[in-house]
Amino acid sequence: MGVVNVTPDSFSDGGRYLDPGAAVAHARALVEEGADILDVGAESSRPGARGISADEELSRLAPVLEGLREFQVPVSVDTAKPEVMRAALAAGASMINDITALRAPGALAAVAPSGAAICLMHMQGEPRTMQREPSYRDVVAEVAAFLEERVAAAEQAGIARERIVVDPGFGFGKTVAHNFELLRSLERIAALGLPVLAGWSRKSTLGAITGRPADDRLAASLAAALLAVERGARIVRVHDVAATRDALAVLAALDGKS
Ligand code: HH2
């Protein structure tokens, strides 16, 4: 899954693709690099980020979704707002990626009738404050239980299991230690029986262990993507598609899949 951030303030590429033409060109480059899914987001969720209105989010998204209509790969829209979900689905999105796991009032109902796929992600707290003091008794058990509860809520709202992807939400209300505990035990999340999405690309935990800034975390991001796939992730959300494909090709060859 290649990331297209149509934002002025994303932590690693904020402002680079705010112009719709630049965003669509970047999306095309990611597809040429081998992305199987594009994830378009118009609101940054980096730690400390302040939210924007649905109108502002939609005004950034609409021209980009229009430009992606002709694309052959499925388009996912990274949003937590029901109004934006409905508009994105009407504009041809085939997946909603919600870092709040459809907890906003009306979100389940916005996605249910569409037939689209949905990614349910775990986050402790909210982006503005989530990294202040993340705390868990047992991070893996708590994240798994949360995802199980959200999957049940989605199914109850009429979203078939086949449409659902789950994500432990690396970096969302988690310390470095929490992130590695979750990575170490990712198989327990995969044991929910649904495809697991993992997002490690350029994240601050990788900066914490390498001492490198966001634009210099490619090697660490590749290592994390590889370890996540080895532990059961089926989708990796990345900024650097070509390099990630190469890294994953090595793992596939090891597994006799190439
Ligand atoms: N991470 C980010 C955004 N959306 N969605 C899922 N499902 N999983 C993730 O790990 C995830 C996500 C944060 O990365 P990015 O989009 O690069 O930054 P920002 O939120 O600042 O736009």
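This section reports on the structure supplied with the text. Small disclaimer: the values here were computed from a predicted structure and weren't measured.

Our next topic: helix H10 (residues 241-254). Given a rise of 1.5 Å per residue, 14 residues ought to cover 20 Å, and the 20 Å separating the end C-alpha atoms of H10 matches this to within 8%. Inspection of H10 places Val241, Thr244, Ala247 and Leu251 among the buried residues, and these make up the whole buried set. All buried residues of H10 lie within an arc of 130° about the axis, which places them on one face of the element. Exposed residues pointing more than 90 degrees away from the buried face of H10 are listed as Asp246 and Val250. Contacts from the buried residues of H10 go to strand S1 (2-5), helix H1 (20-33), helix H9 (218-230) and strand S8 (233-236).

In the vicinity of the ligand lie 18 residues, with Ser10, Ser44, Ser45, Asp167 and Lys203 positioned nearest. One nitrogen or oxygen atom from the side chain of serine 10 is found 2.4 Å from an oxygen atom belonging to the ligand. In the environment of the ligand, an oxygen atom lies 2.7 Å from a nitrogen or oxygen atom belonging to the side chain of serine 44. Taking 480 Å² as the accessible area of the ligand by itself, protein coverage stands at 98%.

As a further point, take the pairing of strand S2 (residues 38-41). What you see with S2 is no split at all: Leu38 and Val40 on one side and Asp39 and Gly41 on the other are buried throughout. Where S1 meets S2, four bridges bridge the pair, whose relative direction is parallel. From the neighbouring strand, asparagine 5 faces S2, where its bridge partner is glycine 41. Handedness of the crossover is the feature at issue here: the chain leaves S1, passes through H1, returns alongside S2, and the resulting connection is right-handed. Bridge count for S2 against strand S3 (residues 75-78) is four bridges, and the pairing is parallel.

Time to look at the packing of H1 against helix H2 (residues 54-68). Viewed as axis vectors pointing N to C, H1 and H2 meet at an angle of 40°, and their least axial separation amounts to 9 Å. One way to sum up the angle between H1 and H2 is to call them oblique. When you trace H1 past H2, the crossing you get is right-handed. Here H1 contributes Pro20, Ala23, Val24 and Ala27 to the contact with H2, which in turn contributes Pro63, Val64, Gly67 and Leu68. A per-class count over the contact of H1 with H2 returns seven nonpolar, one polar and no charged.

For alanine 101, which is not glycine, the phi dihedral falls at a positive 55°. What makes alanine 101 buried here is its relative accessible area of 0%. A positive phi angle, near 60°, is found at arginine 202, a position not held by glycine. When you line up the elements, arginine 202 lands in the loop between strand S7 (196-198) and helix H8 (204-210).

Summed over all chains, the structure comprises two aromatic pairs. Consider the rings of phenylalanine 180 and tryptophan 200, whose centres lie 5.1 Å apart with planes at 50°: the pair is tilted. Highlighted residues: phenylalanine 180 in helix H6 (residues 176-184) and tryptophan 200 in the loop between S7 and H8, separated in sequence by 20 residues. An aromatic cluster is defined as three or more aromatic residues linked by ring pairs; in this entry it consists of Phe170, Phe180 and Trp200.

Counting residues in each nonpolar core, the largest one holds 66 residues, and the members touching the most others are Leu38, Leu68, Ile164, Val166 and Ile189. Of all the elements, helix H5 (residues 139-156) adds the most residues to this core, at eight residues. Ranked by size, the runner-up nonpolar core spans seven residues in total, among them Met1, Ile37, Val165 and Leu197.

Evaluation of the coordinates by the stated rule reveals 15 salt bridges. Between glutamate 43 and lysine 81 there is a salt bridge, with the nearest N and O atoms lying 3.2 Å from each other. Taken together, the positions of glutamate 43 in the loop between S2 and H2 and lysine 81 in the loop between S3 and helix H3 (82-90) put the pair 38 residues apart, joining distant regions of the chain. Using a relative accessible area of 22% as the deciding quantity, one classes glutamate 43 as partly exposed. Salt-bridge contacts for arginine 60 lead to glutamate 56; the nearest nitrogen and oxygen are separated by 3.1 Å. Of the two residues, arginine 60 and glutamate 56 are both situated in helix H2; the distance of four residues between them amounts to about one turn of the helix. The class of arginine 60 is buried, set by a relative accessible area of 15%. Of the residues examined, glutamate 56 reaches a relative accessible area of 36% and is grouped as partly exposed. Salt bridges sharing common partners tie together Asp39, Asp78 and Arg237.

Reading guide: rules and limits
Residues numbered from 1 in each chain as written. Predicted model: local features only at pLDDT ≥ 70, side-chain atom pairs only at ≥ 80, totals over all residues. Heavy atoms only, no water. Helix = DSSP H or I, 4+ residues; strand = E, 2+ residues; numbered from the N terminus. Expected span 1.5 Å × (residues − 1). Buried < 20%, exposed > 50% of the residue type's maximum accessible area, 1.4 Å probe, protein only. Arc of directions from axis to C-beta. Contact = heavy atoms within 4.5 Å. Near = heavy atom within 4 Å. Polar contact = N/O pair within 3.5 Å; in protein donor to acceptor, adjacent residues only side chain to side chain. Areas by Shrake-Rupley, 256 points an atom, 1.4 Å probe, with all protein chains shown as cover. Pairing = 2+ DSSP bridges. Right-handed = clockwise from strand over helix to strand, strands pointing away. Axes fitted to C-alpha atoms, helices over the stretch in contact; angles between N-to-C directions. Parallel < 35°, antiparallel > 145°, perpendicular 65-115°, else oblique. Left-handed = near helix turned anticlockwise from the far one by under 90°. Nonpolar A, V, L, I, M, F, W, Y, C, P; charged D, E, K, R; others polar. Phe/Tyr/Trp six-rings, centres within 6.5 Å; stacked < 30°, edge-to-face > 60°. Core = buried A, V, L, I, M, F, W, Y, C linked by side-chain atoms within 4.5 Å. Salt bridge = Lys/Arg side-chain N within 4 Å of Asp/Glu carboxyl O.

Everything listed is a geometric property; what it means functionally is a separate question.
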